[in-house]
Amino acid sequence: RKYDPYRPSIQTFDLITRDASFLCAELLPNPAEETRKLALLQRLSEISAETFGDAEVLPFGSSGNGLALANADMDVCVFLNAKEGEEEVSPAEFVERIGDRLEKEPDFENVLQLRKARVPIVKLNHINGIACDIGYQNDLAIWNTRLLRAYCKADRRVRDIVVIVKQWAKKRRINNPYTGSLSSYAYVLLVIHVLQRRGVLPNLQATVEGNGQVPFWDCQGFNRYFFEDISRLSRYWQPTPESLKQSVGELLYEFFRYFASEFRYATHVVSIRKGGLLTKEMKEWTKDHTQAQADSKPNVKNRYLFCIEDPFELDHNVGRPVDRYSLFTIRGEFMRAAKILSKNGDGAIARLCVERH
Ligand code: ATP
Ligand code: MG
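Residues numbered from 1 in each chain as written. Chains lettered and ligands numbered in written order. Predicted model: local features only at pLDDT ≥ 70, side-chain atom pairs only at ≥ 80, totals over all residues. Heavy atoms only, no water.

The name that an unreviewed UniProt entry assigns to the chain is polynucleotide adenylyltransferase, with the source organism given as Podila minutissima.

Pasting the structure below:
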């Protein structure tokens, strides 16, 4: 580990840990919200079945991985089982048909059809107060949700750290891929990366039973294998003794410090699949390559300024929305956060999450 002259004392870490745990308790959704989400899921299942026949509706993202803040949007995905000889429904057609149907229902508002998005979806609000995105046949999203849920189960500290990081990113306005910053999904991958480096988390995609080889479980051409049965994880992997002593406060500080001053943005790629770092060269995520791609597919914009490899979709940079300006802002926020946590533990969590205007 890099020498750190600003590293705070254990007492400071304890104060941060205490405040982080209070804030988490405040931010997590209450049981009434969970009930409303389940009811909405049920309602969408009925409507999908009426519209398409054989349909299944599954939650993904934070509604499926146990990492939701109160009032978070709900992400769901619809899967259709086409009957023998029946033509498959295209994503654009799906969005149009379910969108048109939902517009007629009195309990849905602001139904918006995004037919031409990279991933076509319908956005809407339910009158019970929940905002929802509906996607279509996105198996990889279901699998990455399950992977994140497994990491969350593997160590109690993960959820608290993620909740604070999400709140920080939201309040500091760096949690919006549409304006050049990162999605929550990206931040969770960053947290997992740091915890893997610290020996708190294993690499579940490289954990196998016995001395076996990593199997290949195909999903849209990618390997979706990972060790999911966390109750049996301790047979195959153990956290380092040092990592067991680290508090949530200490790990939070480590997280911000790592992306403020250790991670090399110019050359490195975060890869939880590898349990460490790759280089941009290795992945051919370089400028020249970007140009070649841009020439062949002019409407796909790839940026490789902040490189975060998707754990399954290996050619996808989850940090793609980040441009030069937003990278500057995001790195500035990492530095600000590390500085706040290194100074004085009391009230640090509140200062960390002060709204930026
Ligand atoms: P929040 O509670 O803030 O909505 P979340 O856990 O739902 O957080 P999102 O960023 O909304 O996270 O992502 C939800 C799902 O969408 C992820 O599980 C992932 O499958 C998919 N996703 C989001 N962003 C990306 C991305 N940049 N690349 C690939 N998939 C993404
Ligand atoms: Mg979400």
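Resuming the write-up.
Asks: Is there a simple way to think about the domain arrangement of the chain in this case?
Replies: It is common to give the size of an interface as the accessible area lost on bringing the parts into contact. If you check the domain split of the chain, you get domain 1 (10-27 + 141-352) and domain 2 (31-138). A straight line from the C-alpha centre of domain 1 to that of domain 2 covers 27 Å. The interface is formed by 18 residues belonging to domain 1 together with 17 residues belonging to domain 2. For the pair domain 1 and domain 2, the number of links is 0 salt bridges. Counting across the domain 1 and domain 2 interface gives 6 residue pairs in polar contact (both at pLDDT 80 or more). Contributing elements (two or more residues each) for the side of domain 1 that touches domain 2: helix H5 (139-154) and helix H6 (157-171). In the side of domain 1 that touches domain 2, the residues fall into 8 nonpolar, 4 polar and 6 charged. (Domains from an automatic or database assignment. Contact = heavy atoms within 4.5 Å. Salt bridge = Lys/Arg side-chain N within 4 Å of Asp/Glu carboxyl O. Polar contact = N/O pair within 3.5 Å; in protein donor to acceptor, adjacent residues only side chain to side chain. Helix = DSSP H or I, 4+ residues; strand = E, 2+ residues; numbered from the N terminus. Nonpolar A, V, L, I, M, F, W, Y, C, P; charged D, E, K, R; others polar.)

Asks: Would you explain the pairing of strand E2 (residues 74-80) in this entry?
Replies: Most of E2 sits out of view: 7 of its 7 residues are buried. Burial along E2 is two-sided: Met-74, Val-76, Val-78 and Leu-80 and Asp-75, Cys-77 and Phe-79, pointing in opposite directions, are all buried. Sheet analysis places E2 next to strand E5 (residues 131-136), joined by 5 bridges and oriented parallel. Residue pairing across strands places Met-74 opposite Cys-132, the latter belonging to E5. (Buried < 20%, exposed > 50% of the residue type's maximum accessible area, 1.4 Å probe, protein only. Pairing = 2+ DSSP bridges.)

Asks: Explain the site of ligand 1 to me, please; I cannot follow it from the model alone.
Replies: Near ligand 1 you find 15 residues, and of these Ser-62, Asp-75, Asn-144, Ser-184 and His-316 are the closest. Taking Ser-184, its side chain carries an N or O atom lying 2.5 Å from an oxygen atom of ligand 1. Backbone polar atom of Tyr-185 to an oxygen atom of ligand 1: 3.2 Å apart, as the coordinates give it. Burial of ligand 1 by the surrounding chains reaches 78%, relative to a free accessible area of 610 Å². At the level of elements, helix H3 (62-65), H5 and helix H7 (184-197) are the ones that each hand at least two residues to the shell around ligand 1. Looking at the shell around ligand 1, the element that brings in the most residues is H5, giving 3 residues. (Near = heavy atom within 4 Å. Areas by Shrake-Rupley, 256 points an atom, 1.4 Å probe, with all protein chains shown as cover.)

Asks: Would you mind going over the packing of aromatic side chains with me for this structure?
Replies: The description of two aromatic rings rests on the distance between their centres and on the angle between their planes. Evaluated as defined, the whole model comprises 23 aromatic pairs. Relative to Phe-334, the ring of Phe-255 has its centre 5.9 Å away and its plane inclined at 70 degrees; by these criteria the two rings are edge-to-face. Note that Phe-255 is positioned in helix H9 (residues 248-262) and Phe-334 in helix H12 (residues 324-343), a separation of 79 residues in sequence. Among the aromatic residues, ring-to-ring pairing joins Trp-168, Tyr-187, Phe-255, Phe-256, Tyr-258, Phe-259, Phe-263, Tyr-265, Phe-306 and Phe-334 into one connected group. (Phe/Tyr/Trp six-rings, centres within 6.5 Å; stacked < 30°, edge-to-face > 60°.)

Asks: Explanation requested: H5 in the structure shown.
Replies: Structurally, the α-helix is built with 3.6 residues per turn, so residues lying three or four positions apart point the same way. Along its 16 residues, H5 runs 23 Å from first to last C-alpha, staying within 8% of the 22 Å computed at 1.5 Å per residue. Three or more residues of H5 are buried, namely Leu-140, Ala-141, Ile-142, Trp-143, Asn-144, Thr-145, Leu-147, Leu-148, Ala-150, Tyr-151 and Cys-152. (Expected span 1.5 Å × (residues − 1).)

Asks: Teacher, can you tell me more about the environment of Cys-132 here?
Replies: Its place among the elements puts Cys-132 in strand E5. A C-alpha to C-alpha distance of 21 Å links Cys-132 and Ser-90, two positions 42 residues apart in sequence.

Asks: I tried to follow the sheet that holds strand E3 (residues 108-114) on my own but got confused; where do I start?
Replies: Within a sheet, neighbouring strands are paired by backbone hydrogen bonds and run either parallel or antiparallel to one another. Spatially, 5 strands are ordered E1-E2-E5-E4-E3 in an open sheet, and the strand pairing comes out mixed. Pairing within the sheet leaves two strands with one partner each, and these edge strands are strand E1 (55-60) and E3. Direction aside, neighbouring strands of the sheet carry axes that sit 25 degrees apart on average. As judged from the 5 bridges shared by E3 and strand E4 (residues 121-126), these two strands associate in the antiparallel manner. Residue pairing across strands places Leu-112 opposite Lys-123, the latter belonging to E4. Packed on one face of the sheet, helix H4 (residues 91-103) meets E2, E3, E4 and E5 and runs near 165 degrees to E3. Contacting E1 and E2, H5 crosses the sheet at an angle of about 40 degrees to E1. (Axes fitted to C-alpha atoms, helices over the stretch in contact; angles between N-to-C directions.)

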